[in-house]
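# Summary of structural features
Next come the chains, spelled out residue by residue.
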Amino acid sequence: MPVIITEHSLKLFLVPFLSETFIFLGFFTAYIVYKTANPDWLPAGVSGLEVRDPAINTVILVSSSFVIYLAERALARHDLITFRQFLMLSIAMGSYFLVGQAIEWSHLSFGFTTGVFGGMFYLLTGFHGLHVLTGILLQILVFGRSFIPGNYDTGHFGVNATSIFWHFVDVIWIVLFVLIYIWQ
């Protein structure tokens, strides 16, 4: 069934999406300005960030975009079982990413108040992590709604909006990963 997008539903989705985009763009700009103005801005005793585990988490998070896409396709075919399976996999992948981020944070030798780098690192990764958590909660919501008989018979706007949000979160992470972990 095609998604019916009204002007009202588009505004409900577009305004927050644009505001979140501009917030992240502001954070990215601040990070780039601070980093280029202070080439030796890493905290004392820190020569760089470990990249291997965050790279694995990145692959898992970005792959979850494909998985949620498969969930959407299954729902379009009215295959609720497959929809639920792919959605649960996407939720698990997002949760894995958050746990990996928490483990990384617990092993870092600097904190939020350890200079501009520490503040920017925790602000950017924490704000993104909050968005990942929001995406997981939205996926849990649409998963739960799939058990209401006939709920998705007249449209899938909530599922589609959740999926677009999830893709947004993944794209933002790719930019963050490049800025923080690759551009050291």
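### Section: the side chain of Glu-72
Note that Glu-72 resides in helix H2 (residues 52–76). Buried and unpaired, Glu-72 has Arg-73 as its nearest opposite-charge partner, separated by 6.5 Å. In this structure Glu-72 touches Val-159, Asn-160, Ser-163 and His-167, once residues within four positions along its chain are discounted.

### Remarks on the pattern of salt bridges
Opposite charge on two side chains permits pairing when their charged atoms draw close. Taken as a whole and assessed by the stated rule, the structure comprises one salt bridge. For Asp-53, the salt bridge is made with Arg-52, and the minimal N-O distance between the two is 3.2 Å.

### Structural notes on the nonpolar core
Most often, soluble globular proteins keep nonpolar side chains buried together rather than apart. Tyr-31, Phe-83, Leu-87, Phe-121 and Ile-180 are the most contacted members of the largest nonpolar core, which totals 38 residues. The dominant element in this core, judged by the number of residues it contributes, is helix H5 (residues 157–182), at 12 residues. Look past the residues within four positions of Tyr-31 in its chain and what remains in contact with it is Trp-41, Phe-117, Met-120, Leu-124, Leu-179, Ile-180 and Trp-183.

### Some details on the confidence of the model for the protein
Considering every residue of the protein, the mean pLDDT works out to 91; 93% of them sit at 70 or more. Averaged pLDDT values over the elements of the protein bottom out at 84 in helix H1 (residues 7–37) and peak at 98 in helix H3 (residues 80–107).

### Focus on the packing of aromatic side chains
For the structure on display, the rule yields 21 aromatic pairs. Ring geometry for Phe-110 versus Tyr-122: centroids 5.8 Å apart, planes at 65 degrees, classification edge-to-face. With a gap of 12 residues between them, Phe-110 in the loop between H3 and helix H4 (115–145) and Tyr-122 in helix H4 connect regions that are remote in the sequence. With respect to burial, Phe-110 and Tyr-122 carry one shared label: buried. Ring geometry for Phe-177 and Tyr-181: centres 5.3 Å apart, planes at 25 degrees, overall stacked. Of this pair, Phe-177 and Tyr-181 both sit in helix H5, separated by four residues, roughly a single helical turn. Both residues of the pair, Phe-177 and Tyr-181, count as buried. Ring pairs connect the aromatic residues Tyr-31, Trp-41, Phe-97, Trp-105, Phe-110, Phe-117, Phe-121, Tyr-122, Trp-173, Phe-177 and Tyr-181, which therefore count as one cluster. Looking at Lys-35, its charged tip hangs above the ring of Trp-183, at a distance of 4.9 Å from the centre. Across the ring face of Phe-147, the terminal group of Arg-84 is positioned such that the distance to the ring centre comes to 3.9 Å.

### Looking at the environment of Gly-111
With respect to the helices, strands and loops of the structure, Gly-111 is situated in the loop between H3 and H4. The spacing of Gly-111 and Phe-177 is 66 residues in sequence and 19 Å in space, taken between C-alpha atoms. Apart from residues lying up to four places away in sequence, Gly-111 is in contact with Gly-118, Gly-119 and Tyr-122.

Criteria and cut-off values
- Residues numbered from 1 in each chain as written.
- Predicted model: local features only at pLDDT ≥ 70, side-chain atom pairs only at ≥ 80, totals over all residues.
- Heavy atoms only, no water.
- Helix = DSSP H or I, 4+ residues; strand = E, 2+ residues; numbered from the N terminus.
- Buried < 20%, exposed > 50% of the residue type's maximum accessible area, 1.4 Å probe, protein only.
- Lys, Arg positive; Asp, Glu negative; His and termini not counted.
- Salt bridge = Lys/Arg side-chain N within 4 Å of Asp/Glu carboxyl O.
- Contact = heavy atoms within 4.5 Å.
- Core = buried A, V, L, I, M, F, W, Y, C linked by side-chain atoms within 4.5 Å.
- pLDDT = per-residue confidence, 0-100.
- Phe/Tyr/Trp six-rings, centres within 6.5 Å; stacked < 30°, edge-to-face > 60°.
- Lys NZ or Arg CZ within 6 Å of the ring centre and 35° of its normal.

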